[in-house]
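Letter by letter, the chains look like this.
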Amino acid sequence: MEIVIRPDADAAAALVAQLIGARVCAKPNLVLGLATGRTMEPLYDQLAALGVDFSRSHSFNLDEYVGVPPDNPQSYRHYMNERLFDRINIERDNTHVPDGMAADLGAEVAHYERLIKDVGGIDLQLLGIGDDGHIGFNEPLSALMSRTREKALTPKTRRQNAAMFGGDPDRVPKRALTMGVGTILEAREIILLATGAAKAGILAKAVEGPITAMISASAVQLHPRCKVVLDAAAASALSQKEYYDWIFQNEPEWEAFR
Ligand code: F6R
């Protein structure tokens with residue numbers, strides 16, 4: 001794992017946008033794993049502004065609420081269309097978000113896993129981190145080998161996401177479909193983006209603490225090609241910042257991004 005700390009959220013988002021852009025340029029038919037949430041908003045603004053050619057790329061989103069139709073502004077499909085897909089030249093048929101309205105959710109999650117396999121697997125998986133340490137909606141105690149499935153959301157996650165539901169946690173759906181931790185770890189590369197002081201404590205536990213199913217983001221420590229990109233606020237509880245900065249300033253792979 002490598003941890004890169006940028007001064008503020010915009011700079012962190014700009015670095016991740018550049019990394020994604022570079023991967024798509026190197027492999028135009030890249031398969032992207034995408035996340036939603038407030039952290040990703042500046043990233044998608046910057047990614048859209050790069051003007052990269054996504055016409056041959058594919059995407060798979062991590063998760064979707066159960067029971068929220070795709071045209072509802074609170075759905076993750078709507079978020080993705082509005083924040084990214086409408087602003088880049090990706091083919092809409094090549095973008096995938098789990099269908100939380102499917103009559104048979106078990107069949108839907110199996111189908112989602114199959115689609116990922118059929119396209120050759122995810123090349124680059126983008127992750128955020130929840131207040132309870134989740135990636136996707138893999139809430140505490142999610143098996144580190146879990147696959148795409150239906151998951152009940154924690155009260156903490158429903159509070160975290162209440163702003164999108166008129167500020168009322170009780171209006172946040174109780175269940176979601178999410179790629180599993182095992183599904184996520186099969187991506188060839190992972191980039192986790194976290195910004196803001198509210199994420200500092202859980203982020204430090206996830207990347208510097210023990211691997212535990214209680215903090216599903218800690219599973220990224222198992223991945224051989226994982227980058228964690230932070231702003232200074234989200235990095236504030238880390239113990240080895242000097243070392244992480246040295247790597248970013250000195251290792252040749254980062255030269256183009258400094
Ligand atoms: C959403 C997702 C979640 C978010 C996490 C952080 O698709 O995968 O794991 O990344 O809840 O959300 P924000 O960025 O809103 O703090």
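Use the structure listed above.
What this report covers is the structure whose coordinates are included nearby. Bear in mind the structure is a predicted one, so any value in this text is a computation, not a measurement. (Residues numbered from 1 in each chain as written. Predicted model: local features only at pLDDT ≥ 70, side-chain atom pairs only at ≥ 80, totals over all residues. Heavy atoms only, no water.)

**Brief notes about the pairing of strand β3 (residues 58-61)**
Let me state the cut-off plainly: Burial status follows relative accessibility: with a 1.4 Å probe on protein chains alone, a residue under 20% of its type maximum counts as buried, one over 50% as exposed, and anything between as partly exposed. Helix and strand assignments come from DSSP, with helices taken as H or I runs of at least 4 residues and strands as E runs of at least 2, each series counted from the N terminus. By convention, orient the strands away from the viewer: a clockwise path from the first strand over the helix to the second makes the crossover right-handed. Two strands pair under a simple rule: DSSP has to find at least two bridges between them.
Here β3 shows two buried faces, one formed by His58 and Phe60 and the other by Ser59 and Asn61. For the handedness criterion, the β-α-β arrangement of strand β2 (residues 31-34), helix α2 (residues 40-50) and β3 is classed as right-handed. As paired elements, β3 and strand β5 (residues 95-96) share two bridges and run parallel to each other. Following the sheet pairing, Phe60 is matched in β5 by His96.

**What to know about the sheet that holds β2**
Defined as follows: In what follows, a contact means two residues having at least one pair of non-hydrogen atoms within 4.5 Å. Between N-to-C directions, angles cover 0 to 180 degrees, with each direction set by a line fitted to C-alpha atoms, over the stretch in contact for helices.
With parallel pairing, seven strands are arranged side by side in an open sheet as β1-β10-β9-β6-β2-β3-β5. Bordering the open sheet on either side are β1 (2-6) and β5, each of which pairs with just one other strand. Sitting on the sheet, α2 touches β2, β6 (124-127) and β9 (189-194), and the angle it makes with β6 is about 135°.

**What about the sheet that holds strand β4 (residues 63-65)?**
Read from one edge to the other, the open sheet built from three strands follows the order β4-β8-β7, with strand pairing classed as antiparallel. The sheet is open, and its two borders are formed by β4 and β7 (149-152), each paired with just one other strand. If you compare each strand with its neighbour and ignore which way they point, the axes differ by 30° on average. Where β4 lies against strand β8 (residues 175-178), three bridges are found, and the strand directions are antiparallel. Of the residues in β8, the one forming a bridge with Asp63 is Thr178.

**A few points about helix α3 (residues 76-83)**
By the burial criterion, the buried members of α3 are Tyr76, Arg77, Tyr79, Met80 and Asn81. Looking at the buried side of α3, the elements it contacts are β2, α2, β3, β4 and β5.

**A closer look at the packing of α2 against α3**
Packing of α2 against α3 brings their axes to within 10 Å, and their N-to-C directions diverge by 40°. Where α2 approaches α3, its residues Met40, Glu41 and Tyr44 are matched on the opposing element by Tyr79, Met80 and Arg83.

**Focus: the environment of Leu84**
Looking at the element boundaries, Leu84 is found in the loop between α3 and β5. The class of Leu84 is buried, set by a relative accessible area of 2%. Distance in space between the C-alpha atoms of Leu84 and Ser59 is 11 Å, their sequence separation being 25 residues. Non-local contacts of Leu84, meaning those with residues more than four positions away in its chain, are made with Leu34, Tyr44, Leu47 and Tyr79.

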